[in-house]
Amino acid sequence: GAMGRVGRPFPGEKEFLGSGVSYCATCDGAFYRDSVVAVYGASTEAIEEALFLTKFAKTVHWITSVDISRETESGFERNKILDQDLLASLYECENVEHLEQTKLIEVMGDVSGVTGVKLKRKGSKEE
């Protein structure tokens, strides 16, 4: 899948760059038509990348290591730092699955390219 990405690389990330790992959804999104993809990050840029990929991908797994929404007495309150219109648009997409409090551990693959990602949910012992 494609990933908007800044920071230290994950295991497998460099190996699969151009073979399933991408940093530009607008450049490479069409290559992921009818595929299952993952976007990792809780930034406005990651939301934009995930939203763009919804036009092509069968499923977009949006993975964030933090809570985007938190429960309050009056219901759920979304992170105020993020672009609320973009966030609402992403949540409205039927082909988006949001995995909150989940860390990307490794990009996995073989000679054909990326085959999956290893994740760890906060508080879970399993990957």
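Predicted model, so just to flag it, every value in this text is computed and none were measured.

Chemist: In this structure, what is going on with the overall build of the protein chain? I would like to understand it.
Modeler: Looking only at helices and strands, the protein chain has three helices and seven strands in total. Seen in sequence order, the protein chain has helices and strands lined up from the N terminus as α-β-α-β-β-β-α-β-β-β. Sequence-distant contacts in the protein chain: of pairs separated by 6 or more residues, those separated by 24 or more amount to 51%. For the protein chain, the accessible area works out to roughly 7700 Å², and carbon and sulfur atoms hold 49% of it.

Chemist: What is the right way to look at helix α2 (residues 44-53) in this model?
Modeler: Since there are 3.6 residues in each turn of an α-helix, residues three or four apart along the chain are aligned in direction. Within α2 the residues assigned to the buried category are Ala 46, Ile 47, Glu 49, Ala 50, Leu 51 and Leu 53. Taken together, the buried residues of α2 touch α1 (25-28), β1 (36-40), β2 (59-63) and α3 (84-92).

Chemist: Is there a simple way to explain the packing of α2 against α3 in this structure?
Modeler: The axes of two packed helices give the description: the angle between them and the distance between them. Packing of α2 against α3 leaves a shortest axis separation of 10 Å and a crossing angle of 35 degrees. Here α2 and α3 pass one another in a crossing that is left-handed. Together, Thr 44, Ile 47, Glu 48, Ala 50 and Leu 51 of α2 and Leu 86, Leu 87, Ser 89 and Leu 90 of α3 make up the contact between the two elements. Counted by class, the contact of α2 with α3 contains six nonpolar, two polar and one charged residues.

Chemist: Help me out: how do you make sense of the state of the cysteines in this one?
Modeler: Linking two cysteines covalently via their sulfur atoms produces the bond known as a disulfide. Going through the model one piece at a time under the given rule, you end up with one disulfide. In this model, Cys 24 is linked to Cys 27 through a disulfide, with the two sulfur atoms separated by 2.2 Å. Its S-S torsion of approximately 70 degrees makes the covalent link between Cys 24 and Cys 27 right-handed.

Chemist: Could you clarify how one ought to interpret the pattern of salt bridges in this entry?
Modeler: Opposite charge on two side chains lets them pair, provided their charged atoms get close. One pass over the full model with this rule turns up one salt bridge. Here Glu 106 ties to Lys 118 by a salt bridge, and the two come within 3.8 Å at their closest N and O atoms. Here Glu 106, found in strand β6 (residues 102-110), pairs with Lys 118, found in strand β7 (residues 113-121); they are twelve residues apart in sequence, far enough to count as distant. Looking at Glu 106, the relative accessible area reads 26%, which means it is partly exposed. The class for Lys 118 is partly exposed, based on a relative accessible area of 27%.

Conventions adopted
- Residues numbered from 1 in each chain as written.
- Predicted model: local features only at pLDDT ≥ 70, side-chain atom pairs only at ≥ 80, totals over all residues.
- Heavy atoms only, no water.
- Helix = DSSP H or I, 4+ residues; strand = E, 2+ residues; numbered from the N terminus.
- Contact = heavy atoms within 4.5 Å.
- Areas by Shrake-Rupley, 256 points an atom, 1.4 Å probe, with all protein chains shown as cover.
- Buried < 20%, exposed > 50% of the residue type's maximum accessible area, 1.4 Å probe, protein only.
- Axes fitted to C-alpha atoms, helices over the stretch in contact; angles between N-to-C directions.
- Left-handed = near helix turned anticlockwise from the far one by under 90°.
- Nonpolar A, V, L, I, M, F, W, Y, C, P; charged D, E, K, R; others polar.
- Disulfide = S-S within 2.5 Å.
- Salt bridge = Lys/Arg side-chain N within 4 Å of Asp/Glu carboxyl O.

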